[in-house]
Amino acid sequence: MKKKIGTGRRFNTIQRVFLFLLVLGFTVNGLYAKEEHEKEAEYVLQESATYSGAVNDEMGEPLPGVTVMIKGTQTGTITSVDGTFSLEAAPGNVLVFSFIGFEKKEVVLGSDTSIELSLDPEVTSLDEVVVVGYGVSKKMDLTGATSNITSEDFNQGAVTNPLEQIAGRAAGVNITQTGSEPGANPTVRIRGITSLIGGNDPLIVVDGIQGNMDLLNQVPPSEIESVDILKDASATAIYGSRGAPGVIIVTTKKAKEGQSVVEYSGSMSVDVIANQLEMFDANQWEEQAEQWGVPYSAWHGSDTDWYDILTQTGTTQNHTLSIGGGTEDFSYRASMAAILQEGVVINSKNDQYIGRIQATQKALDDRLKISVNLSNSITQKDGSPQSVGRADFTSNLITNAYLARPTDPVFASDGSYFYDANVFQYMNPYAVAQEVINEEEIKNQFASFRTDLELFGGFNIGWFGSWRKVSRSAGYYAPASSTLAFPMDEKGVANVNSNNTDEKLMDISLTYEKDIDKHSFKVLGVYEWQKQTYQGHFAQAKGFINDLTTYNALQLGSVDSFKPGDISSYKNDRKLISFLGRINYSFADKYLFTASVRQDGSSVFGEDHKWGTFPSASLAWRVTEESFLQNQDFISNLKLRAGYGVTGNQQGLYPQNSMQLVSESGTLFFNGGLITNFAVTQNSNSDLRWETRYQTNLGVDFGLFGGNLNGTLDVFSATTENLLFDYTVPQPPYPYGSIKANVGSLKNEGVELSLDARVINTSDVTLTLGGNVSLLRNEVEKLSGSISGVELNTDYVPWGTNAYLIEGKPIGTYYILENDGKDPETNEELVVDRNNDGEIDQGNRSEDRYINGSSLPKYTFAFTPVLKYKNFDFSMVWRGAGGNKIFNRIRRDFSLFEKLGKRNLLESAVDKGLFTSKYASDLWLEDGDFLRFENLTIGYTFDTEKWRHISNVRLSVTGRNLALFTDYSGVDPEVNVSGGNVSGVDSGIYPRTRSFAVGLNVSF
């Protein structure tokens, strides 16, 4: 009798969450209905009176058309042409006055039936302050392509990374989450892939501190006030080399003058697996094994759901406690945060603790401002093992659960983990999950100090310094009992790994501002110095007599098992010195001009090319300020923009990439002993230089129908020249077979549209429909050239499975064999012999291949509606992408019946009926289009007017990744498309989760 191993935990959890939400919905609905009934009864019992009056604007002019409503009812009126109104109401009622373009105002009615009031103009989005490089600007004064997202528009839920809060909120910003592994960060690409090896991650700036993507992990998501994204070169050029792929500027919350606050922000979610592959169960496997003649020695009589026993219901908690206060001269804000993730794969978790404090002091009659920012975080991670499996299939642990035969038991009869010696490099995934230790601890500290001094006559001087240290320490131990091949052969493998980063930055800035009649000038000059130091070590031991000390006593390993490469260490550094200037000019607030130039000197380049100069310029015309667009209500805002800029790129280069390097290369016997051999592992290139990106942007910002419809349209073209890449070179004259050099060029062109429509705007109901769409075209223009007179012909370079870099085609173009069915006798896959030579050539330049799409999406889009009804708020995020192809390696590897005796297969393999295949053809190439219901949040803000010591309470319920619409047959169509030679290939991912969260925000 078969023993069934597995549980139904995920289904039961979904039931419990659904019932909880259902009960909560009925409860809230019942309470709300009761409240409305009581209000209506109250209004009936009160004695009514006629209230009348007039409404004026801030200049005392009458305001016709103002909506006047009794709060909580549908009773109301509007003001007449002279701004007057009359309305029947009862003492104690609240009148709400609202008018487009003005702040709402509420008046509590009393015995006086005459009301006179004025409405103040609301601060429009054009007046919002946007953070730009080394300063701020009003949105109306911007000349470059930027996106501003405030905390009110952030995605809700148990968010663990700031990027999750802005996914789908900005056109041209593609944020991708591949799987839901605890601690795994999303990838972000701004206007596509801009470099092949030079780096595509945007520069991150948090309160002036510059860093890589890891810097975001030092900021609690609930402590962020706004995120500004600089997209075109005219905006990013001020950051020079570090801003080439775009810039994300994060501004954290600050204390406000005269307010002391204590705030708690928390959420907790249950996370369940959204989708999994349909594999054979034990009965199906045996049925197919019988049909395909699998030897009975491979049948082990169990009934094991490997995927089920390796997974669980995950949880995510996010808690932040903040305090702050301030006087006219001094303010501070401090916070403590804990982000705790328990993954859906057993023994995977990520716990992060962040402490931050900010303080600002003013002196010298407010002419001197000093700001201090300190942050410390610790992350402790238990990672699910990666890159495990057999010789013919390697992936993450949970994907290997699909590989295991359902008839294999978890444990052998003697209580040890089951192991099939008849299968080469057999692996028991449950043994790996329980026995392998894969731990990491990350410590982040940063500090910054800023002083700004107002001098005289519009001159200001500033000094800024920051110091950031990141320490990563990891420990790994795999005992022989893990059933992994290498640890079994070596009787246990342990290693420790340490990587430390030390980053220092200092800048001195001088600004000058002057207004002369209608002319406005702002000039900025900056000197900046940066240094990064990297240091680390690796040590490994094998051959342990027991597993007691895991990776904590490497000296207990066998001396005989030591090999070159088991010990290594490094230390290097890089420096960047910069001079930059910028001028902002405005005439009559109509005609705007911005120009900047930055010169960067980097230590990573060749001796003759360390310095690069990166200029930019942009113009804007605020057409609505012209006389011919006055005295009309249809167009509330119209601004035309044009910009051009050059940025440099040095990401992806290591400090010594321009030098010839020699490293160990095995061992040899010499003079009676074993010595280490050395070989050249990197060619020198004194001509290594800046990768440069030239970008042109045309844009229009518009507002229509009295500001009820607002939008931004941008068209851009960007070309990367002197493309950094590893080019193949002949040996000789070169001692090594490849060289990092600047040869090729890459082009991106696109269109971005963002719209925001205020459909309903009354005292009780507001409905805003937002959305964006981005179209992107990518082309590898050139990969060939010459270095020191040596011609290079680098074309048809592999960039993923069957994906290539081909001149004149997009990055990751699929150049692939075409499926032609199967041989009816052998069930072997057939492909088309396109050149009819009687042979199938699988080479990179084979004429039997043909072009079939690209791995990069051609378009992305998002829809973000928000509905507010009284104290309730409802928001959604729908997000999608398409136009790309995905090579489904998982489906290919799990669809061939020749492997059935050693692994499990997909249920869909039956329909294909393939026994074997020598090809990776377009049979496994699928469309990657998808639409995802990313986020649904329902919130309620309590009326705390009569609550002592509490100023705000908001309760919310959020569902994330609620639905996915796609024709892709894999687990999830959002695979790695961030660049690199695994782009566009589905080789298995950590499960993507569906989460249900409850959130609470309280301010005291």
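Per-chain numbering applies: the sequence of each chain, read as written, is numbered from 1 onward. Two thresholds apply to this predicted model, a pLDDT of at least 70 for residue-level local features and 80 or more for giving and counting side-chain atom pairs, whereas whole-chain, interface and lining totals are computed over all residues. Side-chain calculation: all heavy atoms of the structure are included, whereas hydrogens and water are not.

Undergrad: Tell me what's going on with a negative patch on the surface, and back it up with residues and numbers.
TA: What makes a patch is a set of residues exposed beyond 30% relative accessible area and free of salt bridges, joined within 9 Å when like-charged and within 5 Å when nonpolar (Val, Leu, Ile, Met, Phe, Trp, Tyr). Working definition of accessibility: Shrake-Rupley area with a 1.4 Å probe, residue cover restricted to the visible protein chains. A pairing counts as a salt bridge when a side-chain nitrogen of Lys or Arg comes within 4 Å of a carboxyl oxygen of Asp or Glu. The charge count treats Lys and Arg as positive and Asp and Glu as negative. His and the chain ends do not count. We put the charge of a Lys on NZ, of an Arg on CZ, of an Asp on CG and of a Glu on CD. A grouping of Glu 257, Glu 328, Asp 329, Asp 365 and Asp 366 is seen on the molecular surface, where their side chains present a negatively charged patch. By secondary structure assignment, the location of Asp 365 is in the loop between β22 (349-363) and β23 (368-382). Assessed through its relative accessible area of 78%, Asp 365 is described here as exposed. Going along the chain from the N terminus, every DSSP run of H or I of four or more residues is numbered as a helix, and every run of E of two or more is numbered as a strand. Think of it in three bands: residues with accessible area under 20% of the maximum for their type are buried, residues over 50% are exposed, and the middle band is partly exposed, with areas taken using a 1.4 Å probe on protein chains only.

Undergrad: Lay out the sheet that holds strand β8 (residues 114-118) in plain terms, naming residues and giving numbers.
TA: At least two DSSP bridges between two strands are required for those strands to pair. What the three strands build is an open sheet, ordered β5-β2-β8; its pairing is mixed. Strand pairing shows two members of the sheet lacking a second neighbour, β5 (84-89) and β8, which therefore form its edges. Strand-to-strand twist of the sheet, defined as the mean angle between neighbouring strand axes without regard to direction, takes the value 25°. Pairing analysis gives six bridges linking strand β2 (residues 49-56) to β5, with the strands arranged antiparallel. Its bridge partner being in β5, Ala 49 is matched across the sheet by Ala 89. Axis geometry follows a simple rule: fit a line to the C-alpha atoms, using only the stretch in contact for helices, then measure angles between N-to-C directions, giving values from 0 to 180 degrees.

Undergrad: Explain the sheet that holds strand β51 (residues 925-927) to me, using residue names and the numbers behind them.
TA: With mixed pairing, three strands are arranged side by side in an open sheet as β51-β50-β54. Two strands lie at the open edges of the sheet, namely β51 and β54 (985-986), each paired on one side alone.

Undergrad: Describe the side chain of Asp 986, and please don't skip the residues or the numbers.
TA: Within the secondary structure, Asp 986 sits in strand β54. The buried charged residue Asp 986 lacks any salt bridge partner; its closest oppositely charged side chain belongs to Arg 889, at an N-O distance of 8.5 Å. Dropping the residues within four chain positions of it, Asp 986 is found in contact with Ile 886, Phe 887, Asn 888, Arg 889, Ile 890, Tyr 968, Gly 970, Val 971, Asp 972 and Val 975. In this analysis, two residues are considered to be in contact whenever any of their non-hydrogen atoms come within 4.5 Å of each other.

Undergrad: Explain the domain arrangement of the chain to me, using residue names and the numbers behind them.
TA: Start and end points for every domain follow an automatic or database-based domain assignment. Partitioning the chain into domains gives domain 1 (49-118) and domain 2 (129-255). The C-alpha centroid of domain 2 is placed 43 Å from the C-alpha centroid of domain 1.

Undergrad: Run through unusual backbone geometry, naming residues and quoting values.
TA: Here Gln 731 and Pro 732 are connected by a cis peptide whose omega angle stands at -20°. Relative to the assigned elements, Pro 732 resides in the loop between β37 (709-728) and β38 (738-761). Put simply, Pro 732 and Pro 733 share a cis peptide bond, and its omega is 15°. Along the chain, the position of Pro 733 falls in the loop between β37 and β38. Of note in this structure, Asn 347 is not a glycine but carries a positive phi near 60°. Considering the arrangement of structural elements, one finds Asn 347 in the loop between β21 (330-342) and β22. Overall, the relative accessible area of 41% leaves Asn 347 in the partly exposed class. With a phi angle near 60°, Asn 631 is a residue other than glycine that sits in the positive phi range. Residue placement: Asn 631 occurs in the loop between β32 (611-622) and β33 (635-649). Taking the relative accessible area as the measure of exposure, Asn 631 reaches 85% and is therefore exposed.

Undergrad: Give a description of a nonpolar patch on the surface that names residues and reports values.
TA: Judged by side-chain polarity, Val 262, Leu 321, Ile 323, Phe 330, Tyr 332 and Phe 1004 come together as a nonpolar surface patch covering roughly 500 Å² of accessible area. Contributions of two or more residues to the nonpolar patch are made by β20 (314-326) and β21.

Undergrad: Which residues make up helix α4 (residues 282-292), and what values do they have?
TA: Because each turn of an α-helix spans 3.6 residues, side chains separated by three or four positions in sequence point in the same direction. Buried within α4 are the following residues: Ala 282, Trp 285, Glu 286, Gln 288 and Ala 289. Seen along its axis, α4 keeps its buried residues to an arc of 165°; they face one direction. Among the exposed residues of α4, those pointing more than 90 degrees away from its buried face are Asn 283, Glu 287 and Gln 291. Those residues of α4 that are buried lie in contact with β19 (303-304) and α10 (909-912). If you check the start of α4, you find a side-chain oxygen 3.2 Å away from the backbone N of Asn 283, and it comes from Asp 281. The arc in question is traced by the directions running from the helix axis to the C-beta atoms. Definition of a polar contact: a pair of N or O atoms within 3.5 Å, with one able to donate and the other able to accept a hydrogen when the atoms are protein atoms, and with sequence-neighbouring residues admitted only if both atoms are side-chain atoms.

Undergrad: A description of the UniProt feature "domain: TonB-dependent receptor-like beta-barrel" (unreviewed entry) in the chain should follow, citing residues and the corresponding values.
TA: UniProt positions are given in the numbering used here, feature names are shortened, and annotations may be inferred rather than shown by experiment. According to UniProt, the positions carrying the feature "domain: TonB-dependent receptor-like beta-barrel" (unreviewed entry) are residues 393-962. Split by type, residues 393-962 is 5% helix and 57% strand. Its first and last C-alpha atoms lie 31 Å apart.

Undergrad: Now, about the side chain of Asn 657: what can you tell me, with residues and values included?
TA: Among the structural elements, Asn 657 can be located in the loop between β33 and β34 (661-670). Judged by its relative accessible area of 5%, Asn 657 is buried. Polar side-chain contacts of Asn 657 include one of 2.6 Å to the backbone nitrogen of Tyr 654. Within the structure, Asn 657 has its side chain in polar contact with the side chain of Gln 682 (distance 3.0 Å).

Undergrad: Could you give me a rundown of the environment of Asp 507, with the residues and numbers involved?
TA: Tracing the backbone shows Asp 507 in strand β28 (residues 493-516). You can call Asp 507 buried: its relative accessible area is 5%. Along the sequence, Asp 507 and Phe 579 sit 72 residues apart, while their C-alpha atoms lie 9.7 Å from each other.

Undergrad: So what's going on with empty space enclosed by the protein? Which residues, and what values?
TA: A cavity here means a set of points on a 1 Å grid, drawn over the protein atoms and nothing else, where a 1.4 Å probe fits but cannot get out; a pocket is an open set with protein on both sides within 12 Å along at least five of seven lines, and a residue lines either one if it has an atom within 4 Å of a point. Grid points are joined across faces, edges and corners, and a volume is the space filled by probe spheres set on the points. Under the defined criterion, the tally for this structure stands at seven cavities of 30 Å³ or more. Counted as a void, the largest cavity has a volume near 460 Å³. For the lining of the largest cavity, the per-class residue count stands at seven nonpolar, 16 polar and eight charged. In this structure, the second largest cavity spans a volume of roughly 280 Å³. In terms of lining, the second largest cavity is formed by 24 residues, of which the most central are Asn 174, Gly 192, Leu 776, Pro 857 and Thr 860. For the lining of the second largest cavity, the elements supplying multiple residues, two or more each, are β12 (173-176), β13 (187-190), β38, β39 (765-782) and β48 (859-869). For this classification, Asp, Glu, Lys and Arg are treated as charged, while Ala, Val, Leu, Ile, Met, Phe, Trp, Tyr, Cys and Pro are nonpolar and the rest, including Gly, are polar.

Undergrad: Please provide a residue-by-residue account of the nonpolar core, values included.
TA: Side chains of nonpolar character tend, in soluble globular proteins, to be buried together. Leu 277, Trp 306, Leu 310, Tyr 402, Tyr 430, Leu 484 and Phe 894 are the most contacted members of the largest nonpolar core, which totals 33 residues. Secondary structure elements with two or more residues in this core: α5 (306-309), α6 (397-403) and α7 (429-435). The element contributing the most residues to this core is α6, with five residues. The contact partners of Leu 310, leaving out residues within four places of it in the chain, are Val 344, Val 345, Ile 346, Leu 397, Ile 398, Ala 401, Pro 429 and Tyr 430. Counting 25 residues, the second-largest nonpolar core is a separate cluster that includes Ile 149, Ala 167, Val 188 and Phe 446. Only buried residues count toward a nonpolar core, which is a set of Ala, Val, Leu, Ile, Met, Phe, Trp, Tyr and Cys residues joined through side-chain atoms within 4.5 Å.

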